Amino acid sequence: MAAVGDGGDVEVTGRGVDFLLKERHEQVWALVDEYIRAAGDAKGEVVALVLTLAYATPGEGYAIHELSEAQKAALDVLFALGLVYRRNASSSRFYPTTLGVDVAFGARRSAGGARAGGDFRRPVDVIVQTNFQVLAYTDAGVNTSTLVLATLNLFAELTTRLPNLVVGTISRDAIKRCVDRGIRVPQIVKFLRAHAHPAMKASGVPQNVTDQMALWAGEGNRVAFTDGVLVALDSDALYDAALDAARDLDARVHWKSARKRCLFVDADAEPDLRRRLAAAAAPRKRKAPDN
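Chains are numbered independently. Their residues run from 1 in the order of the written sequence. Per-residue local features of the predicted model are confined to residues with pLDDT of at least 70, and side-chain atom pairs are confined, for both listing and counting, to 80 or more; whole-chain, interface and lining totals are unaffected and use all residues. Note that water and hydrogens are dropped before the side-chain values are worked out from all heavy atoms of the structure.

(A) Structural view of the sheet that holds strand β11 (residues 253–257). Ordered in space as β10-β12-β11, the three strands form an open sheet in which the pairing is antiparallel. Edge positions in the sheet fall to β10 (228–232) and β11, since each of these pairs with one other strand and no more. Along the sheet, successive strands turn relative to each other by an average axial angle of 15°, direction set aside. Of the pairings in the sheet, the one linking β11 to strand β12 (residues 262–266) comprises four bridges and is antiparallel in character. Paired strands, in this sense, are two strands between which DSSP finds at least two bridges. Think of it this way: any DSSP run of H or I at least four residues long counts as a helix, any run of E at least two long counts as a strand, and we number them from the N terminus. Axis definition: a line fitted to C-alpha atoms, over the contacting stretch in the case of helices. Angles run 0 to 180 degrees between N-to-C directions.

(B) The packing of helix α8 (residues 185–194) against helix α9 (residues 207–217), seen in detail. The interhelical angle for the contact between α8 and α9, taken along N-to-C directions, is 150°, at an axis separation of 10 Å. When the interaxial angle is binned, α8 and α9 end up roughly antiparallel. The two elements α8 and α9 meet at a crossing, and its hand is right-handed. Side by side, α8 and α9 meet where Val185, Ile188 and Val189 of the first sit next to Thr210, Met213, Ala214 and Ala217 of the second. Note on residue categories: nonpolar means Ala, Val, Leu, Ile, Met, Phe, Trp, Tyr, Cys or Pro, charged means Asp, Glu, Lys or Arg, and polar means any other residue, Gly included. Split by residue class, the contact of α8 with α9 holds six nonpolar, one polar and no charged. Any angle between 65 and 115 degrees counts as roughly perpendicular, while under 35 counts as roughly parallel, over 145 as roughly antiparallel, and the rest as oblique. Here a crossing is taken to be left-handed if its near helix is turned anticlockwise relative to the far helix by less than a right angle, and right-handed if that turn runs clockwise. The contact criterion used throughout is that any non-hydrogen atoms of two residues lie within 4.5 Å.

(C) Geometry of the packing of helix α3 (residues 43–52) against helix α4 (residues 69–80). Orientation of α3 relative to α4, taken along the N-to-C sense of each, is 55°, at an axis distance of 9 Å. It follows that α3 is oblique to α4 by the angle criterion. Relative to α4, α3 is oriented so that their crossing is right-handed. Between α3, through Glu45, Val46, Ala48, Leu49 and Val50, and α4, the contact on the second element is made entirely by Ala70, Gln71, Ala74, Leu75 and Leu78. For the contact of α3 with α4, a count of residues per class yields eight nonpolar, one polar and one charged.

(D) Main features of unusual backbone geometry. The phi dihedral of Phe132 falls on the positive side, at around 75°, and the residue is not glycine. Tracing the backbone through its elements, the reader meets Phe132 in the loop between β6 (124–128) and β7 (133–138). Even without being glycine, Arg261 reaches a positive phi, approximately 55°. Secondary-structure assignment places Arg261 in the loop between β11 and β12.

None of this, on its own, says anything about what the molecule does.
Here it is, written out as structure tokens:
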């Protein structure tokens, strides 16, 4: 996240979008990894506790008194992340959650207990139409839909909110705001594909939409403004001498025209360039012949 203004508001950055595109167990593991890195000398014990969850049974109680002091302290963090459950702070047992086992395994399990690929059930299914309209079908019972919709609102103007449907439009202004925040068009397309409605999995995001978003994002790079000086020469010889002098001085020539005998160079190189040209144009004195 990045701070916005002086009011204490924050907004998601490009790195934040990359994080949101990860599967849920990858997101949680990233947070666990940050905690492990800060654990200092207790790092090994915390890792052992997390890996132990891979061999635990979700919902089954395990004794807390068998853990080391560092592992007991780590339970507070694992509880906050939803990897374990305990009734209260004085409970003598903790209970691994399904998410905790998923994080330790690196993949979720099917209902029968076997490991299975794929992501968790999506809280939002998105359809992107060729007219840039976005239809987001939501599950009112899933709280994480709020996070997905907040991300969608970064690049789409959400105009209508119904209990199970959100309607919006991908707009030029929203895409340009994303670019200013460091969010790239490939990230947006990846997000839309990750949350695509099952009926849209084959077609994905319409090509005209992805092309237009790329054009909007690149608008700021179409024209570049550079300070410099336009040098106009009186003869072809001086024009050639100016090009040679610019090359010797490592002066950047942004534009040149042999027909007009003009070149556009960096402002800081212009004084040295004119001195070289003055020296080249000055008449040379003939050496007197020896008698």
